[in-house]
Amino acid sequence: MLEKADSLRTAIRGHEALVRIFPDKEALSLAAAEYLIGAVETTLQEQDAFSLALTGGSSPNRLYELLAGPCRDRIPWDQLHLFWGDDRYVPRDDPASNQGAAFRQFIDHVPIPAEQVYPMPVDISPAEAAAAAYQETLLDFFDGAPPTFDLVLLGLGGDGHIASLFPENHPERSLTSVDEATWVQAILAPARVSPRSRLTLSLPAINWSRRVLFIVHGAQKQEAVRKIVREPNGTLPGAYVHARRQLCWYVDKAAWGV
Ligand code: 6PG
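No experiment lies behind these values; they were computed from the predicted model shown. (Residues numbered from 1 in each chain as written. Predicted model: local features only at pLDDT ≥ 70, side-chain atom pairs only at ≥ 80, totals over all residues. Heavy atoms only, no water.)

Re the packing of aromatic side chains
Piece 1. For the coordinates displayed, the defined rule picks out 13 aromatic pairs.
Piece 2. With 5.0 Å between their ring centres and 65° between their planes, phenylalanine 83 and phenylalanine 141 make a pair best called edge-to-face. Of this pair, phenylalanine 83 sits in strand β4 (residues 80–84) while phenylalanine 141 sits in helix α4 (residues 127–141), and the two are 58 residues apart along the sequence.
Piece 3. A relative accessible area of 0% places phenylalanine 83 in the buried class. (Phe/Tyr/Trp six-rings, centres within 6.5 Å; stacked < 30°, edge-to-face > 60°. Helix = DSSP H or I, 4+ residues; strand = E, 2+ residues; numbered from the N terminus. Buried < 20%, exposed > 50% of the residue type's maximum accessible area, 1.4 Å probe, protein only.)

In structure tokens form, the structure reads like this:
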């Protein structure tokens, strides 16, 4: 049963965003699963594949459990293609690996064809070569055109970072048009972050997506949410994210500060 959510429309650095505020992480995760299922349904009426870029971190873990459990049979996995918005540049079996977590939490438990799952190639070194290889994967999948993911899932760091774009790697410097942009970057995260070596979609690659859905819960995200969503011209990385069709922020009350 979907919990009632408060919703509002706002502008974030001039881009419309739909914000939905949920009582807790469970209600947020259920609604995020329904959002994904609805987006897949709508998209597959227009095309025969749905490209989804996953987020790392702990925010999606309940969503991923739902995808492997009660929602498993509501998704046509043979028409889904899974990518990552970022990953730590560590082996898949490293506890810090985003792809490792996603495989454990749902990919190993759903009937998606293995050739339709595109983990970031953390076995290619150096990291710059791995980023370039993933860019080639995107070029190939999107037939040489800029990556137009049907949905990008994003979490939000307490410092306002998204994917592996941290305030110190100021996104404005990478705000070139998607045609000229590097779509996948090897990033050395700030020293306060571990692991530091990361692979990440660039901001232009994220913003060229059809839909972006943020899933943000917990009081520790309150300040970042306030600075990004509740102030019109924030300068944290999350404020620079938009989408070509729909930008949604799903937050729980703790992150919204009510
Ligand atoms: C990562 C994520 C990162 C994450 C935020 C929030 O690789 O760590 O992609 O951007 O979404 O750090 O992390 P939590 O969901 O664990 O709070």
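Following the structure, the description resumes.
Focus: the pattern of salt bridges
Piece 1. Applying the stated rule across the entire model yields 12 salt bridges.
Piece 2. Ionic pairing is found between aspartate 86 and arginine 198, a salt bridge with its closest N-O pair at 3.9 Å. Of the two residues, aspartate 86 sits in strand β5 (residues 86–88) while arginine 198 sits in strand β8 (residues 197–201), which places them 112 residues apart along the sequence.
Piece 3. Arginine 198 gets classed as buried once you look at its relative accessible area, which sits at 5%.
Piece 4. Residues glutamate 168 and arginine 192 are paired through a salt bridge, measuring 2.9 Å at the closest nitrogen-oxygen approach. (Salt bridge = Lys/Arg side-chain N within 4 Å of Asp/Glu carboxyl O.)

Structural notes on the side chain of glutamine 185
Piece 1. Counting through the fold element by element, glutamine 185 comes out in strand β7 (residues 184–188).
Piece 2. Looking at glutamine 185, the relative accessible area reads 19%, which means it is buried.

Examining the packing of helix α1 (residues 25–43) against helix α2 (residues 61–68)
Piece 1. One way to put it is that α1 packs onto α2 with a least axis distance of 9 Å and a crossing angle of 55°. Judged by the angle between their axes, α1 and α2 are oblique. Where α1 crosses over α2, the two elements pack in a sense that is right-handed. For the pair formed by α1 and α2, the contact residues are Lys25, Glu26, Ser29, Leu30, Ala32, Ala33 and Leu36 on the first element and Asn61, Arg62, Leu63, Leu66 and Leu67 on the second. (Axes fitted to C-alpha atoms, helices over the stretch in contact; angles between N-to-C directions. Parallel < 35°, antiparallel > 145°, perpendicular 65-115°, else oblique. Left-handed = near helix turned anticlockwise from the far one by under 90°. Contact = heavy atoms within 4.5 Å.)

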